[in-house]
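Letter by letter, the chains look like this.
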Amino acid sequence: EEPIFIKNITIIDGLGNPPASGQDILIEDGKIASIEATGVVTAPDGARTIDGTGLTAMPGLIDMHFHLKGGWSGGNALQEKYPPSEFLTQKAIQQNLAAMLYAGVTTGLDMGSTHSFIVEEKRKIDAGDYIAPRYHIVGVPFSQEPSGWDGAVRGERPAKP
């Protein structure tokens, strides 16, 4: 991948410092190689140069609790409430994940979608089948019976106490 040089951008570092305008970012091998005041670093030969005037760069946001699909009532709560649900098509799921990136979310934690479904989605994302934030998942829920989780994951039973 070619180096990317973003010039004259405002940086929010996420450490509580005030925004710093007039900064250049050099990205090499997919990682930030340097952030310096504009003019300190020059773009390497063959670098893609982007004018960052009026733009802001900041650390990616982390969504620590979302449900890509269901998470209760057999993992089909939306389908049960609004059958058939256009919210749960593969295309809609891919669009939702891409929308997270568009909003600045670069890492997400799925806190209880249908387990077999999210394991397969994580495999697809990790394989690069489609664009998505870094995607982390939790395991199959466990609780005492009876609980709201009884039968909540298709064929995957909550643990007995």
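This text follows the structure it describes.
A short tour of the structure in this document, coming up. (Residues numbered from 1 in each chain as written. Predicted model: local features only at pLDDT ≥ 70, side-chain atom pairs only at ≥ 80, totals over all residues. Heavy atoms only, no water.)

Remarks on a nonpolar patch on the surface
Nonpolar side chains collect at one region of the surface, where Ile12, Met58 and Leu61 lie side by side and expose about 250 Å² of accessible area between them. Structurally, methionine 58 is set in the loop between strand E5 (56–57) and strand E6 (61–66). Among the residues examined, methionine 58 registers a relative accessible area of 48% and is labelled partly exposed. (Patch = residues over 30% accessible without salt bridge, like charges linked within 9 Å, V, L, I, M, F, W, Y side chains within 5 Å. Areas by Shrake-Rupley, 256 points an atom, 1.4 Å probe, with all protein chains shown as cover. Salt bridge = Lys/Arg side-chain N within 4 Å of Asp/Glu carboxyl O. Helix = DSSP H or I, 4+ residues; strand = E, 2+ residues; numbered from the N terminus. Buried < 20%, exposed > 50% of the residue type's maximum accessible area, 1.4 Å probe, protein only.)

Description of the side chain of aspartate 110
Looking at where aspartate 110 falls in the secondary structure, it is placed in strand E7 (residues 105–110). At 3.1 Å, the side chain of aspartate 110 and the backbone nitrogen of leucine 68 are in polar contact. With near-sequence residues (within four places) excluded, aspartate 110 lies in contact with Phe66, His67, Leu68, Ile118, Tyr135, His136, Ile137 and Val138. (Polar contact = N/O pair within 3.5 Å; in protein donor to acceptor, adjacent residues only side chain to side chain. Contact = heavy atoms within 4.5 Å.)

Looking at helix H3 (residues 115–126)
Here H3 contains 12 residues, and its C-alpha end-to-end distance of 16 Å stays within 8% of the 16 Å for a straight helix at 1.5 Å per residue. Of the positions making up H3, those classed as buried are His115, Phe117, Ile118, Glu121, Lys124 and Ile125. Remark: glycine 128 follows H3 within two positions and exhibits a positive phi of approximately 80 degrees. (Expected span 1.5 Å × (residues − 1).)

What to know about the sheet that holds strand E8 (residues 134–137)
Across the sheet, three strands lie side by side as E6-E7-E8; this open sheet has parallel pairing. With one partner strand each, in any of the chains shown, E6 and E8 form the two edges of the open sheet. Each neighbouring strand pair of the sheet contributes to a mean axis angle of 15 degrees, computed without reference to strand direction. Bridge analysis of E7 against E8 gives four bridges, and the strand direction is parallel. Paired with threonine 107 across the strands is arginine 134, a residue of E8. (Pairing = 2+ DSSP bridges. Axes fitted to C-alpha atoms, helices over the stretch in contact; angles between N-to-C directions.)

Here we look at unusual backbone geometry
The backbone phi angle of asparagine 8 is positive, close to 60 degrees, even though this residue is not glycine. Of note, asparagine 8 is situated in strand E1 (residues 4–11). Given a relative accessible area of 32%, asparagine 8 falls into the partly exposed group. Although it is not a glycine, aspartate 29 sits at a positive phi angle of roughly 55 degrees.

Remarks on the environment of glycine 60
Position of glycine 60 among the secondary structure elements: in the loop between E5 and E6. Along the backbone, glycine 60 and valine 105 are 45 residues apart, and their C-alpha atoms lie at a distance of 5.6 Å. Contact partners of glycine 60, with chain neighbours within four places excluded, come to Gly104 and Thr106.

Description of the packing of aromatic side chains
What the rule picks out here adds up to one aromatic pair. On the basis of an interplanar angle of 40 degrees and a centroid distance of 6.1 Å, the ring pair of phenylalanine 66 and tyrosine 135 is categorised as tilted. Pair noted here: phenylalanine 66 is in strand E6 and tyrosine 135 is in strand E8, with a separation of 69 residues, a long-range link. Looking at tyrosine 135, the relative accessible area reads 2%, which means it is buried. (Phe/Tyr/Trp six-rings, centres within 6.5 Å; stacked < 30°, edge-to-face > 60°.)

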